[in-house]
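Spelled out from the first residue to the last, the chains are:
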Amino acid sequence: MNVRSSKLGPTELAGSTLRVLVIDDDDVARAVIVDLLQQEGHSVSSLPSPIGATKHIVDQRVNVVVLDVMMPSMRGDKLANLLARNPKLKHLGVVLVTSAREQDVSALLNAMGSIAIVAKSDIQTSLAAAVRRAASLRAG
Amino acid sequence: MDDYLTKPIDPEQLSAVLCRQLGAAARPLTLAPARSQLRTRSQPPPEALPPLALLQSGLRRPPQAVEAFSRRTPQDLAELHAVARQARRDEVRRIAHKLKGSAGSLGALQLARLCEGLEDAADNASGEALGELVITLEQAFQRTLAALQQEQPGPSAAREGSP
């Protein structure tokens, strides 16, 4: 892994390795996302639930967290809001992934402001770019 | 770049982005008829979808995800059978939603779409109708499994696919 700091500038981010944390209770989706981002050259860790996420993000200086929306212990969008309010994590990028219905995704988009949301059926085509963009937005 | 949208463009998402970028100067667009037309065009029926979406060059379906999907889905379907026949709607929705996420992330589009149909039907359909939809899901899963085995003919995929 070749990340010197969790605060990376946009130029550095263009082809750099990011530290990414994936949180999804679905082991299939989690494995797909981890594999995809590792293929992109990122350093990827994962958790099956949000428990312990904040500590992991701080300790491991995670650049971007990829969160499933519908998890039994805590919804990903709620966790995203909590992370956004944490002053220690102001450089953390967040991407939500969901298999929600189209109308629910539209409502989520409106509620989550600039946070990227990727449909699980579009993970292979859209997630890598969304992760880079999330890191770039928070670093800029 | 201040924002972006992925294709196919959804008029309501476009409206939301414009409102975000332009602030109070922009009013939300009212595009309900156009949206419904768009959905009709962009969402073919499940049977028109392939069991597995083709992957772009350089991408792959990770074997550990395929193995977990092959192992776990029969259990999910058995559970769905039980709760569907009893019209336990919340349980039907929960399991169908989870299976939709697994299938969608692997590119199993037909199964994912059928799961979405079951989620929708869970609101009103009878237990018998829900049970029939689960049978349709099982058939789609078998097609998906066959396509996955064709794509990854390794020993673990073949073993997991055995009845």
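Structure shown above.
In this text, all values refer to a predicted model and were calculated from it rather than measured experimentally.

Cut-offs and rules
Residues numbered from 1 in each chain as written. Chains lettered and ligands numbered in written order. Predicted model: local features only at pLDDT ≥ 70, side-chain atom pairs only at ≥ 80, totals over all residues. Heavy atoms only, no water. Pairing = 2+ DSSP bridges. Helix = DSSP H or I, 4+ residues; strand = E, 2+ residues; numbered from the N terminus. Axes fitted to C-alpha atoms, helices over the stretch in contact; angles between N-to-C directions. Contact = heavy atoms within 4.5 Å. Core = buried A, V, L, I, M, F, W, Y, C linked by side-chain atoms within 4.5 Å. Buried < 20%, exposed > 50% of the residue type's maximum accessible area, 1.4 Å probe, protein only. Salt bridge = Lys/Arg side-chain N within 4 Å of Asp/Glu carboxyl O. Buried area = accessible area lost by both parts, 1.4 Å probe. Polar contact = N/O pair within 3.5 Å; in protein donor to acceptor, adjacent residues only side chain to side chain. Nonpolar A, V, L, I, M, F, W, Y, C, P; charged D, E, K, R; others polar. Phe/Tyr/Trp six-rings, centres within 6.5 Å; stacked < 30°, edge-to-face > 60°. Expected span 1.5 Å × (residues − 1). Parallel < 35°, antiparallel > 145°, perpendicular 65-115°, else oblique. Left-handed = near helix turned anticlockwise from the far one by under 90°.

*Asks:* How should the sheet that holds strand E3 (residues 64-68) of chain A be read in this particular structure?
*Replies:* Pairing between sheet strands relies on hydrogen bonds along the backbone, with the strands arranged either parallel or antiparallel. All names here are of chain A. With parallel pairing, 5 strands are arranged side by side in an open sheet as E2-E1-E3-E4-E5. The open sheet has two free edges, formed respectively by strand E2 (43-47) and strand E5 (116-119), since each of these has just one partner strand. Within this sheet the neighbouring strands show an average axis-to-axis angle of 20°, counted without direction. The strands that helix H5 (residues 102-112) touches are strand E4 (93-98) and E5; relative to E5, the one it contacts most, it runs at about 165°.

*Asks:* Where do I start with the nonpolar core in this structure?
*Replies:* As a rule of thumb, nonpolar side chains are buried together in soluble globular proteins. Val66, Val95 and Leu127 of chain A together with Leu80 of chain B are the most contacted members of the largest nonpolar core, which has 55 residues in total. What Val95 of chain A contacts, discounting residues up to four positions off in sequence, is Val64, Val65, Val66, Leu67, Ala116, Val118, Leu127, Ala130, Val131 and Ala134 of chain A.

*Asks:* When you look at the pattern of salt bridges in this model, what are you seeing that I'm missing?
*Replies:* When charged atoms on two side chains of opposite charge get close, those side chains can pair. Evaluation of the coordinates by the stated rule reveals 15 salt bridges over all chains. In this structure, Arg93 of chain B engages Asp90 of chain B in a salt bridge whose closest nitrogen and oxygen atoms are separated by 2.8 Å. One end of the pair, Arg93 of chain B, and the other, Asp90 of chain B, are both in helix H4 (residues 89-106), 3 residues apart, so they sit about a helical turn from each other. Its relative accessible area of 22% is what places Arg93 of chain B among the partly exposed residues. Salt-bridge contacts for Lys100 of chain B lead to Glu119 of chain B; the nearest nitrogen and oxygen are separated by 2.8 Å. You can see Lys100 of chain B sitting in helix H4 and its partner Glu119 of chain B sitting in helix H5 (residues 109-121), a full 19 residues away along the chain. When sorted by exposure, Lys100 of chain B lands in the same class as Glu119 of chain B, which is buried. Within the structure, one salt-bridge network assembled from shared partners comprises Asp26 and Asp27 of chain A together with Arg72 and Asp76 of chain B.

*Asks:* Just to check I follow, could you spell out the interface of chain B and chain A for this structure?
*Replies:* It is common to report an interface's size as the accessible area lost on association of the parts. Contact with chain B, which involves 36 residues of that partner, is made by 31 residues of chain A. Taken together, the two surfaces of chain B and chain A that pack against each other cover about 2,700 Å², and 50% of this comes from carbon and sulfur. Between chain B and chain A we count 3 salt bridges in total. A salt bridge links Asp27 of chain A to Arg72 of chain B; the nearest nitrogen and oxygen atoms lie 2.6 Å apart. Where chain B touches chain A, the interface holds 7 residue pairs in polar contact (both at pLDDT 80 or more). Secondary-structure elements contributing two or more residues to the side of chain B that touches chain A are helix H1 (11-22), helix H2 (32-42), helix H3 (63-85), H4 and H5 of chain B. Considering each element in turn, the side of chain B that touches chain A owes the most residues, 8 residues, to H4 of chain B. Grouping the constituent residues of the side of chain B that touches chain A by class yields 11 nonpolar, 10 polar and 15 charged.

*Asks:* How do you make sense of the side chain of Arg61 of chain B when you look at a structure like this?
*Replies:* When you line up the elements, Arg61 of chain B lands in the loop between H2 and H3. Reaching out from Arg61 of chain B, the side chain makes a polar contact with the backbone oxygen of Leu106 of chain B at a distance of 2.8 Å.

*Asks:* In this structure, what is going on with the packing of aromatic side chains? I would like to understand it.
*Replies:* Two aromatic rings are characterised by how far apart their centres lie and by the angle between their planes. Residues and elements named next belong to chain B. One pass over the full model with this rule turns up 1 aromatic pair over all chains. Judged by centre distance (5.7 Å) and plane angle (65°), the ring pair of Phe69 and Phe141 falls under edge-to-face. Taken together, the residues Phe69 in helix H3 and Phe141 in helix H6 (residues 127-151) connect sequence positions 72 residues apart. Owing to a relative accessible area of 0%, Phe69 belongs among the buried residues under this scheme. Overall, Phe141 belongs to the buried group, its relative accessible area being 1%.

*Asks:* Mind showing me how you'd approach the environment of Ser121 of chain A here?
*Replies:* Topologically, Ser121 of chain A is positioned in the loop between E5 and helix H6 (123-139). Along the chain, Ser121 of chain A and Arg61 of chain A lie 60 residues apart, while their C-alpha atoms are 29 Å from each other. When sequence neighbours within four positions are dropped, the list of residues in contact with Ser121 of chain A reads Gly104 and Leu109 of chain B.

*Asks:* Sorry, what's going on with H4 of chain B here?
*Replies:* Side chains three or four residues apart in an α-helix point the same way, a direct result of the helix having 3.6 residues per turn. Residue and element names in this part refer to chain B. Given a rise of 1.5 Å per residue, 18 residues ought to cover 26 Å, and the 26 Å separating the end C-alpha atoms of H4 matches this to within 8%. Of the positions making up H4, those classed as buried are Val92, Ile95, Ala96, His97, Leu99, Lys100, Gly101, Ser102, Ala103, Gly104, Ser105 and Leu106. Following H4 by one or two positions, Gly107 adopts a phi angle in the positive range, close to 85°.

*Asks:* I tried to follow the packing of H3 of chain B against H4 of chain B on my own but got confused; where do I start?
*Replies:* When two helices pack together, their arrangement is given by the angle between the helix axes and by the axis-to-axis distance. Residues and elements named next belong to chain B. Between H3 and H4, the shortest axis-to-axis distance is 10 Å and the interhelical angle comes to 160°. What the angle tells us is that H3 and H4 run roughly antiparallel. Every pair of crossing elements has a handedness; the one defined by H3 and H4 is left-handed. On H4, the residues that touch Ala65, Val66, Phe69, Arg72, Thr73, Asp76, Leu77, Glu79, Leu80, Val83 and Ala84 of H3 are Glu91, Val92, Arg94, Ile95, Ala96, Lys98, Leu99, Ser102, Ala103 and Leu106. Split by residue class, the contact of H3 with H4 holds 13 nonpolar, 2 polar and 6 charged.

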